[in-house]
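Residues per chain are reported as follows:
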Amino acid sequence: MRNHASLWEGAIQPHIQTELPGPKTKALIEKDSHYLSPSYTRGYPLSIKRGYGAMVVDMDDNLFLDYCAGIAVCSTGHSHPAVVQTIQEQSAQFLHMSGTDFYYTVMAELAEKLATTTPGTPDKKVFFGNSGTEANEAALKLARYHTGRKGYISFYRSFHGRTFGSMSVSASKSVQRKHFMPLVPGVFHAHYPYFYRDIFKSETPEACAEACLNYIEDYIFKLLTPPDEIAAFIVEPIQGEGGYVTPPPSFILGLQALARKHGILIIADEVQAGMGRTGHLWASQLYPGFEPDILTSAKGLASGMPLGACVARSDVMNWEPGSHATTFGGNPVSCAAALKTFELVENGLLDNVRVQGPYLKARLQALADRYDVIGEVRGEGLMLGIEIVESKVSKKKAPDLRNRIVDDCFYHGLLILGCGENSIRFSPPLVICEEQTDSAVRILETVLQQLH
Ligand code: PLP
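Treat the numbers as computed from the prediction; the structure is a model and nothing was measured.

A few points about the packing of aromatic side chains
- For the coordinates displayed, the defined rule picks out 11 aromatic pairs.
- Aromatic pair F155 and Y192: ring centres 6.1 Å apart, planes at 70°, arrangement edge-to-face. With a gap of 37 residues between them, F155 in strand 5 (residues 151-155) and Y192 in the loop between strand 6 (187-190) and helix 7 (193-199) connect regions that are remote in the sequence.
- Given a relative accessible area of 1%, F155 falls into the buried group.
- Aromatic side chains F155 and F251 sit 5.5 Å apart centroid to centroid with 80° between the ring planes, which places their arrangement in the edge-to-face category. Linking F155 in strand 5 with F251 in helix 9 (residues 249-262), this pair joins segments that are 96 residues apart in sequence.

This is how it looks when you write it as structure tokens:
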């Protein structure tokens, strides 16, 4: 499939024509640092003036190849013309009417789409917010409401958002909690299978999964809390910020069995992994038989418009009017953009991911075979990660080297981001083509060659 960038007759390869940052970007950064919150974690100095497909044009007319998509958000590419047209049409009709109080078609249509495409019974209900953290906040509150229980179990290195509830179940970086504690009580953390390899030296992913599930039963349930005080497990089907880690099916299905045994709900946080990114519409579908009680989505759902969704079985979402609401959630322009995103993902982009994902993975694996600092290539579809180590033999994590590689790629025109302690993530728009992956890999290889 051709990248739809060709629709604009725009270039699809990066081209850097000034020193970076260029003069206009420098001026912008100066103003930005004067007025913007210092809590933002800016890395390399990228500005954006325009985006199309997988391309980003900065203020100085440098052209970048975007393999991070605004942190896995611009699923249909930057400013897909069909999405832009939909946004324009909906904007001309009405911008807001507060879906918590009144009715409009796109909100109900999108809820139907989410209810009928997510795993399990189509008899579901949807709560809309504006972001991933709001979707998870709704899920966490709903789990307490429905079960009458107070506790949660989540996983180390998971990231669920920055509001108090979502932050309490996250365990990603201590700086995210610094000076904010105490958080929501009743949260217990268990290990996500992959990391058992480091901690307990379990050999296979399945052995890691078993160790992790045993930890919950033998330690959390026996020593810390009885299971009947736990409202929900919250789990990412693929850990995103934690390092693009896919657990074995036995972990997800084992967790589901544990949940069913003890009357605990499972929340699948698909904020980063959902909406076609893994080659499945929903990442939960990677594990046949997995039917989360609650599924949350955001990021790629509306191609860049702010929208979060908490989708639950109707018998689970049984709270009464007034229990939860938000003024802007389910904004009509965002809902219209999401409906168009669904249409594009289901009619072409998902197929593109199924071709381009394995192609990118194979190209990265070929690099890993040649370069000792790439310890592992992993992930599904266009949610791929490489782990940077000092050497394949030592397997010692190399976070500084990872940061250097990410920065150097920027100076060569490739936008990528780190994740986890020492990994690099590739989460391009779902529209990329082979030529672009060839360029991305070529740039990465140039950077790797120049390391020594
Ligand atoms: N959940 C996951 C899995 C995420 O990756 C993120 C953001 O990175 C969030 C939740 C929070 O989303 P937001 O930043 O939109 O609040």
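Thoughts on the environment of I199
- Take I199: it is sitting in helix 7.
- By relative accessible area, I199 is classed as partly exposed at 43%.
- Between the alpha carbons of I199 and L295 there is a distance of 29 Å; along the sequence they are 96 residues apart.

Here we look at the side chain of S166
- The residue S166 is located in helix 6 (residues 164-169) in this model.
- With a relative accessible area of 0%, S166 lands in the buried category.
- There is a polar contact of 2.9 Å between the side chain of S166 and the side chain of T133.
- Beyond its immediate stretch of four places on either side in the chain, S166 contacts T133, N136, E137, L140, H160 and G161.

Quick look at the domain arrangement of the protein
- The assigned domain composition of the protein is domain 1 (4-80 + 349-450) and domain 2 (82-345).
- Placing a centre on the C-alpha atoms of domain 1 and another on those of domain 2 gives a separation of 26 Å.
- Contacts between domain 1 and domain 2 engage 34 residues on the former and 33 residues on the latter.
- Buried area between domain 1 and domain 2, summed over both chains or domains, comes out near 2700 Å², and the portion from carbon and sulfur atoms is 54%.
- The largest contributions to the domain 1 side of the interface with domain 2 come from H80, E380 and M383, which together make up 25% of the buried area.

Examining the sheet that holds strand 15 (residues 423-426)
- Spatially, four strands are ordered 11-12-15-14 in an open sheet, and the strand pairing comes out antiparallel. Looking at which strands have only one partner, the edges of the open sheet turn out to be strand 11 (374-380) and strand 14 (417-419). With strand direction ignored, the average angle separating the axes of adjacent strands in the sheet is 30°.
- In this structure, strand 14 lies alongside strand 15, joined through three bridges in antiparallel fashion. Bridge pairing in strand 15 links G418 to I424.
- The strands that helix 10 (residues 332-370) touches are strand 11, strand 12 (383-388) and strand 15; relative to strand 11, the one it contacts most, it runs at about 170°.

Concerning the environment of Y192
- On the basis of relative accessible area, Y192 is assigned to the buried category, the value being 1%.
- Along the primary structure Y192 and S202 are separated by 10 residues, whereas in three dimensions their C-alpha atoms are 12 Å apart.
- For Y192, the residues in contact, after removing those within four places along its chain, are F155, Y156, C212, V235, E236, P237, I238, Q239, V245, P247 and F251.
- Of the polar contacts made by the side chain of Y192, one reaches the backbone oxygen of E236; its length is 2.5 Å.
- Among the polar contacts made by the side chain of Y192, one reaches the main-chain amide nitrogen of Q239 at a distance of 3.4 Å.

Here's the deal with the confidence of the model for the protein
- Looking at the protein, the pLDDT average stands at 95 and 98% of residues meet or exceed 70.
- This stretch, residues 1-8, has a pLDDT under 50; its non-local contacts, to residues over four places away or in other chains, come to 28 contacts.

Structural notes on the site of the ligand
- The ligand sits among 13 residues. The nearest are G132, T133, D269, Q272 and K299.
- With respect to the ligand, the backbone of G132 contributes an N or O atom lying 2.8 Å from an oxygen atom.
- Within the backbone of F159, one N or O atom sits 3.2 Å away from a nitrogen atom of the ligand.
- In isolation the ligand exposes 390 Å². Once the protein is present, 83% of that is buried.
- Residue contributions to the shell around the ligand peak at three residues, all from helix 5 (residues 132-147).
- Looking at the shell around the ligand residue by residue, the classes come out as two nonpolar, seven polar and four charged.

What about the layout of surface pockets?
- Considered as a void within the structure, the second largest pocket measures approximately 780 Å³ in volume.
- Along the walls of the second largest pocket sit 24 residues, with G99, T100, M107, V126 and F127 positioned nearest its centre.
- Of all the secondary structure elements, the ones that give two or more residues to the lining of the second largest pocket are helix 4 (105-117) and strand 4 (124-129).
- Residue composition of the lining of the second largest pocket, grouped by class: 13 nonpolar, seven polar and four charged.

Concerning the pattern of salt bridges
- In this structure the tally under the stated criterion is 20 salt bridges.
- When the shortest N-O distance is used, the salt bridge between E217 and K261 registers 3.4 Å. Remark: K261 occurs in helix 9 and E217 occurs in helix 8 (residues 205-224); sequence separation between them is 44 residues.
- R363 serves as the salt-bridge partner of D438, at 2.6 Å between the closest nitrogen and oxygen. Of the two residues, D438 sits in helix 12 (residues 434-449) while R363 sits in helix 10, which places them 75 residues apart along the sequence.

Some thoughts on unusual backbone geometry
- With an omega dihedral of -10°, the bond running from L20 to P21 counts as a cis peptide bond.
- Among the structural elements, P21 can be located in the segment before helix 1 (23-35).
- That bond from M181 to P182 is cis: its omega, 10°, falls within 30 degrees of zero.
- In this structure, P182 sits in the loop between helix 6 and strand 6.

The rules behind these values
Residues numbered from 1 in each chain as written. Predicted model: local features only at pLDDT ≥ 70, side-chain atom pairs only at ≥ 80, totals over all residues. Heavy atoms only, no water. Phe/Tyr/Trp six-rings, centres within 6.5 Å; stacked < 30°, edge-to-face > 60°. Helix = DSSP H or I, 4+ residues; strand = E, 2+ residues; numbered from the N terminus. Buried < 20%, exposed > 50% of the residue type's maximum accessible area, 1.4 Å probe, protein only. Polar contact = N/O pair within 3.5 Å; in protein donor to acceptor, adjacent residues only side chain to side chain. Contact = heavy atoms within 4.5 Å. Domains from an automatic or database assignment. Buried area = accessible area lost by both parts, 1.4 Å probe. Pairing = 2+ DSSP bridges. Axes fitted to C-alpha atoms, helices over the stretch in contact; angles between N-to-C directions. pLDDT = per-residue confidence, 0-100. Near = heavy atom within 4 Å. Areas by Shrake-Rupley, 256 points an atom, 1.4 Å probe, with all protein chains shown as cover. Nonpolar A, V, L, I, M, F, W, Y, C, P; charged D, E, K, R; others polar. 1 Å grid on protein atoms, 1.4 Å probe; cavity = no way out; pocket = protein on both sides within 12 Å on 5 of 7 lines; lining within 4 Å. Points joined across faces, edges and corners; volume = space filled by probe spheres on them. Salt bridge = Lys/Arg side-chain N within 4 Å of Asp/Glu carboxyl O.

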